[in-house]
Amino acid sequence: MTTNSTTSADCTAYAAALPSVAKAAPCCQGKNSTGIFCDSSNTFITSVYVPHLPLGLCAPPPLTYPDCSILESFGLSGPVPPVFQNFSSLQTLDLRSNYLTGEIPSWLNNLKSLDYLDLSDNSLSGTIPSFLGSLKLTFCDLCCNKFTGTIPTSFSSSVSLTALSFAANELTGKVPDLSGLRKLNDLRLGNNFYDPQTVPTWLGNLPNLQALQFSSGQFYGPIPDNLGTLTGLTQLFMDNNNLTGPLPSSFANLKSLKTLQAKGNLLSGAIPTVCCQSSQMHLQTASPHAMQSRNRRTAPQHCRRQRLRRPAFRLVVSSVLLPVLWLL
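Numbers given for residues are sequential positions, taken from 1 along each chain in its written order. The predicted nature of this model means local features are confined to residues of pLDDT at least 70 and side-chain atom pairs, given and counted, to a pLDDT of 80 or more, with totals for whole chains, interfaces and linings taken over all residues. Only hydrogens and water are set aside when side-chain values are computed; all heavy atoms of the structure are taken into account.

(A) Local environment of the overall build of the protein chain. Helix and strand definitions here come from DSSP, where helices need a minimum of 4 consecutive H or I residues and strands a minimum of 2 consecutive E residues; each element is numbered from the N-terminal end. Scanning the protein chain for helices and strands turns up two helices and 21 strands. Whether a residue is buried, partly exposed or exposed follows from its accessible area with a 1.4 Å probe, protein chains only, as a fraction of its type maximum: under 20%, in between, or over 50%, in that order. Within the protein chain, the fraction of its 328 residues that count as buried is 53%. We call two residues in contact whenever any of their non-hydrogen atoms come within 4.5 Å of each other. Once local pairs closer than 6 in sequence are excluded, the contacts in the protein chain between residues at least 24 apart make up 54%. With residues, only the protein chains shown are counted as cover, and all accessible areas are computed by Shrake-Rupley using a 1.4 Å probe. When the accessible surface of the protein chain is totalled, it reaches about 13,800 Å², and 54% of it is carbon and sulfur.

(B) Structural context of the sheet that holds strand 4 (residues 77–78). Pairs of strands are assigned from DSSP output, requiring at least two bridges between the strands. Read across the sheet, four strands follow the order 4-6-8-10 without closing on themselves; strand pairing throughout is parallel. Two strands in the sheet have a free side with no partner beyond their single neighbour: strand 4 and strand 10 (146–148). The pairing of strand 4 with strand 6 (residues 99–102) spans two bridges and is parallel. For glycine 78, the partnering residue across the bridge sits in strand 6 and is leucine 100.

(C) Geometry of the pattern of salt bridges. For this analysis, a salt bridge means a side-chain nitrogen from Lys or Arg found within 4 Å of a carboxyl oxygen belonging to Asp or Glu. Enumeration according to the criterion identifies two salt bridges in this entry. Where aspartate 186 meets arginine 188, a salt bridge forms, and the shortest distance between an N and an O atom there is 2.7 Å. We note that aspartate 186, like arginine 188, is buried.

(D) Expanded view of unusual backbone geometry. Phi is positive for serine 216, which is not a glycine, with a value near 45°. Tracing the backbone through its elements, the reader meets serine 216 in the loop between strand 14 (211–213) and strand 15 (219–222). Here serine 216 falls in the buried class, since its relative accessible area comes to 2%. In this structure, asparagine 240 takes a positive phi of about 55° despite not being glycine. Of note, asparagine 240 is situated in the loop between strand 16 (235–237) and strand 17 (242–245).

(E) Broad picture of the nonpolar core. To form a nonpolar core, buried Ala, Val, Leu, Ile, Met, Phe, Trp, Tyr and Cys residues must be joined to one another through side-chain atoms within 4.5 Å. In terms of nonpolar packing, the biggest core is built from 62 residues, with Leu164, Phe166, Leu187, Phe214 and Met238 touching the most fellow members. Leave out the neighbours within four places in its chain, and phenylalanine 166 touches Ile128, Leu142, Ile151, Phe155, Leu171, Arg188, Leu189, Asn192 and Tyr194.

(F) Region of the structure containing the sheet that holds strand 19 (residues 266–267). One open sheet accounts for four strands, arranged 13-15-17-19; its pairing is parallel. If you trace the sheet from one side to the other, it starts and ends with strand 13 (197–198) and strand 19, each paired once.

(G) Seen up close, the packing of aromatic side chains. Within 6.5 Å between ring centres, the rings of Phe, Tyr and Trp (the latter by its six-membered ring) count as paired, and their orientation is classed by plane angle as stacked under 30 degrees, edge-to-face over 60, tilted in between. Tallying each qualifying case throughout the model produces four aromatic pairs. On the numbers, 5.5 Å between centres and 80° between planes, the contact of phenylalanine 214 with phenylalanine 219 is edge-to-face.

(H) View of the environment of asparagine 110. Inspection of the secondary structure puts asparagine 110 in the loop between strand 6 and strand 7 (116–118). Remark: the alpha-carbon pair of asparagine 110 and leucine 135, spanning 25 residues in sequence, is separated by 9.3 Å.

(I) Spotlight on the pairing of strand 8 (residues 123–127). Examined bridge by bridge, strand 6 and strand 8 share two bridges and lie parallel to one another. Of the residues in strand 8, the one forming a bridge with threonine 101 is serine 123. Bridge count between strand 8 and strand 10: three bridges; the pairing is parallel. Among the inter-strand pairings, glycine 126 is bridged to a residue of strand 10, identified as phenylalanine 147.

Now the structure itself:
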């Protein structure tokens, strides 16, 4: 049952539910190895980070948390622990890279303060509940699981979202119109089993996009010209689809683009001048048979590309992004 307030006494219940944190320092003291953070009065639990470390196949590069180093390998298994439903002031729930199974629990809908949800790289299944689209989330990463069904249309109203990933699941149907999510800077849709569809033109209406991925999603036809209006784009993954024709000439406007992956399509023609600082490279075509043989769900060891980039205010990722162009 969800309580109206959460006090530091709930740390005892948390440790009992997750024995691997029992040896750690009390959670409401700012720094500890459990990844639990409280408000300034040490009264309310506001953030829970319980990733599986050492890093698994789908995990990002080594992480440094602002006030906490995660040192233990938690390896959570089974359903999402129900102890979290008692933390009514919870703002951040990060359970990535564990062994969680079952469906997304309905009690998450009671966490009205939640704005950061990371359930990526687990074995969660079932459909994605529509209530997730009604929460005031700014970050939602559901990639690298076994979710089925369609993407709920409720996400079309999640106007607070800045980062969203449905990648590397078993989703079907059509991708709903997300053009209202104008704060999005990172969107990952690919490596699912969508119904064949053209690349949505509404993608060009997301002015703040910096990373876009729709690889292996059974998208076909020409690439929308208005993708070239996304001048802040630094990463674009659209490989292993049925895309045809040339790269739009508007791609010459993508002067910030550092990573472009378009292999495994039926593209032709020259790369627009300025795009990726190359005017001499040409796309290679592939046979439909060869393309379709690769149009499958991404293997776990390739999940890194599906996962969202973590906001700087949540953690610091030490990495250098170099210009890369994958077309072959």
